[in-house]
Amino acid sequence: MKKKLVLGAILLAIYSCATVPLTGRKQLSLVDDTQINQSAAQSYSQLLSDPKTVVVSSGTDVQRIKRVGGQLSAAIEGYLKTNGFGDQYSFKWEFNLIKSSEVNAWCMPGGKVAVYSGLMPLAKTDAELATVMGHEIGHAIARHSAERVSQQMAVQGIGGAVSVASSTKSEGTQNIINSLYGVGGQLALLKYSRDQESEADRLGLTFMALAGYDPHAALTFWQNMAAQNKGGAPPELLSTHPADATRIADIQKRIPEAMKYYKH
């Protein structure tokens, strides 16, 4: 039995790896992106149609979100295509503003983005808004959700072999995806690890630069976020992130890399 488990682990490691664009990091990949994106899109639709969810349909903030989102998505798609990743991503982008005092934003797999109105006062410029939106999109481009699903599949031993574990007909796989994205019930957003947060920061800086936004604005935005964290519980956006000082220092180190892509 042990030999079979070891063999299975080796097979998973060899045949089930994906590469994160830009960073080049190898990650476990046991689930088809189409399945992940469909489940995420279903949850996104359910959230927007929920009577408790107030989607803002007009106004300056909505215009800003859609404008910045459009520029980011176009720049990202161009980068992925140029660097040989275009065939691996089939995003159907959506950008919505949700009325809530919560300081938060997120991007589901497949490009489903939501920004909460409580965040907007902290993103005073389009470049600062591109900072947080680029970061959240970075999670989707890096397939962090699919990676988390794959990790759970591996831990639970679902599938037992690559061909089974990646099958869109796997009931166990679907159950994990449903639990993570709240399909058929409440929306359950993933909490990412600190390493994934740092990777999303790096990707976000490059994405905003590609879209024509100065990466230096990221320092201002995250300093504003850090100020929100003093004297109380951190905003939801910061709840599982690296320490404020660590994040800001890391971003400062990454700015020269991002500036190589900045066109203004």
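For clarity, every value in this text was computed on a predicted model and none was experimentally measured. Per chain, residue numbering runs from 1 following the sequence as it is written. Under the rules for a predicted model, residues below a pLDDT of 70 receive no local features and side-chain atom pairs below 80 are neither given nor counted, while totals for whole chains, interfaces and linings still include all residues. Side-chain metrics rest on all non-hydrogen atoms present in the structure, leaving aside hydrogens and water.

J.: Talk me through the packing of aromatic side chains; I want residue IDs and the actual numbers.
T.: Only Phe, Tyr and Trp rings take part, Trp by its six-membered ring, and two of them pair if their centres are within 6.5 Å. Stacked means planes under 30 degrees apart, edge-to-face means over 60, and tilted covers everything else. Applying the stated criterion to the full structure yields six aromatic pairs. Measuring from ring centre to ring centre gives 5.9 Å for Tyr44 and Trp106, while their planes differ by 90°; the resulting arrangement is edge-to-face. One end of the pair, Tyr44, is in helix α2 (residues 33-49); the other, Trp106, is in strand β5 (residues 105-108), and 62 residues separate them in sequence. A residue is classified by how much of its surface remains accessible, and Tyr44, at 1% relative accessible area, is buried. With a 1.4 Å probe rolled over the protein chains alone, any residue whose accessible area is under 20% of its type maximum counts as buried; one over 50% counts as exposed, and the rest are partly exposed. Judged by relative accessible area, which is 6%, Trp106 ranks as buried. Taken together, a centroid distance of 5.0 Å and an interplanar angle of 80° make the contact between Phe221 and Trp222 edge-to-face. Of the residues examined, Trp222 reaches a relative accessible area of 3% and is grouped as buried. Among the aromatic residues, those joined into a ring-pair cluster are Tyr89, Phe91, Trp93 and Phe95. A positively charged side chain is recorded as over a ring if its NZ (Lys) or CZ (Arg) lies within 6 Å of the ring centre. The angle to the ring normal must also be within 35 degrees. The positively charged end of Arg247 is found above the aromatic ring belonging to Trp222, 4.0 Å away from the centroid. Only runs of H or I of at least four residues qualify as helices and only runs of E of at least two qualify as strands under DSSP, and these elements are numbered from the N terminus.

J.: Please give an account of the packing of helix α3 (residues 60-82) against helix α4 (residues 126-141) that cites residues and values.
T.: Between N-to-C directions, angles cover 0 to 180 degrees, with each direction set by a line fitted to C-alpha atoms, over the stretch in contact for helices. Where α3 meets α4, the axes come as close as 10 Å, and the angle between the chain directions of the two elements is 50°. Regarding the angle of α3 to α4, the classification is oblique. When you trace α3 past α4, the crossing you get is right-handed. Facing Arg64, Ile65, Arg67, Val68, Gly69, Leu72, Ile76 and Leu80 of α3, the residues of α4 in contact are Asp126, Leu129, Ala130, Met133, Gly134, Ile137 and Ile141. Any residue outside Ala, Val, Leu, Ile, Met, Phe, Trp, Tyr, Cys, Pro, Asp, Glu, Lys and Arg is labelled polar, Gly included; the first ten of those are nonpolar and the last four are charged. Its residues assigned to classes, the contact of α3 with α4 shows 10 nonpolar, two polar and three charged. Each angle receives one of four descriptions, namely roughly parallel if under 35 degrees, roughly antiparallel if over 145, roughly perpendicular if within 65 to 115, and oblique otherwise. Each helix crossing is assigned a hand: it is left-handed if the near helix lies turned anticlockwise from the far helix by less than a right angle, otherwise right-handed if that turn is clockwise. When checking whether two residues touch, look at their non-hydrogen atoms; a contact exists if any pair is within 4.5 Å.

J.: I'd like to hear about empty space enclosed by the protein, residue by residue, with values.
T.: Cavity and pocket criteria rest on a 1 Å grid covering protein atoms alone: a 1.4 Å probe that fits but cannot get out defines a cavity, protein on both sides within 12 Å along at least 5 of 7 lines defines an open pocket, and an atom within 4 Å of a point defines a lining residue. Grid points are joined across faces, edges and corners, and a volume is the space filled by probe spheres set on the points. All told, the structure shown has one cavity of 30 Å³ or more when counted by the stated rule. In this structure, the largest cavity spans a volume of roughly 40 Å³. Residue lining of the largest cavity: Thr131, His135, Ala200, Asp201, Gly204, Leu205, Met208, Ala218, Trp222 and Ile251, and that is the complete set. Residue assignment for the lining of the largest cavity shows that the elements contributing at least two residues are α4, α8 (194-210) and α9 (217-228). If you tally residues by element for the lining of the largest cavity, the top one is α8, at five residues. Of the residues in the lining of the largest cavity, the class split is six nonpolar, three polar and one charged.

J.: I'd like a description of the nonpolar core, backed by residues and values.
T.: As used in this record, nonpolar core signifies buried Ala, Val, Leu, Ile, Met, Phe, Trp, Tyr and Cys residues forming a set joined through side-chain atoms within 4.5 Å. By size, the foremost hydrophobic cluster in this structure holds 50 residues, and its most contacted members are Met133 and Ile137. Of all the elements in the fold, those that place two or more residues in this core are α3, β4 (94-98), β5, β6 (112-116), α4, α8, α9 and α10 (244-259). If we skip the residues at most four places from it in the chain, Met133 touches Ile65, Val68, Gly69, Leu72, Phe95, Val113 and Val115. Grouped together as the second largest cluster of nonpolar side chains are eight residues, Ala40, Met108, Ala114 and Tyr116 included.

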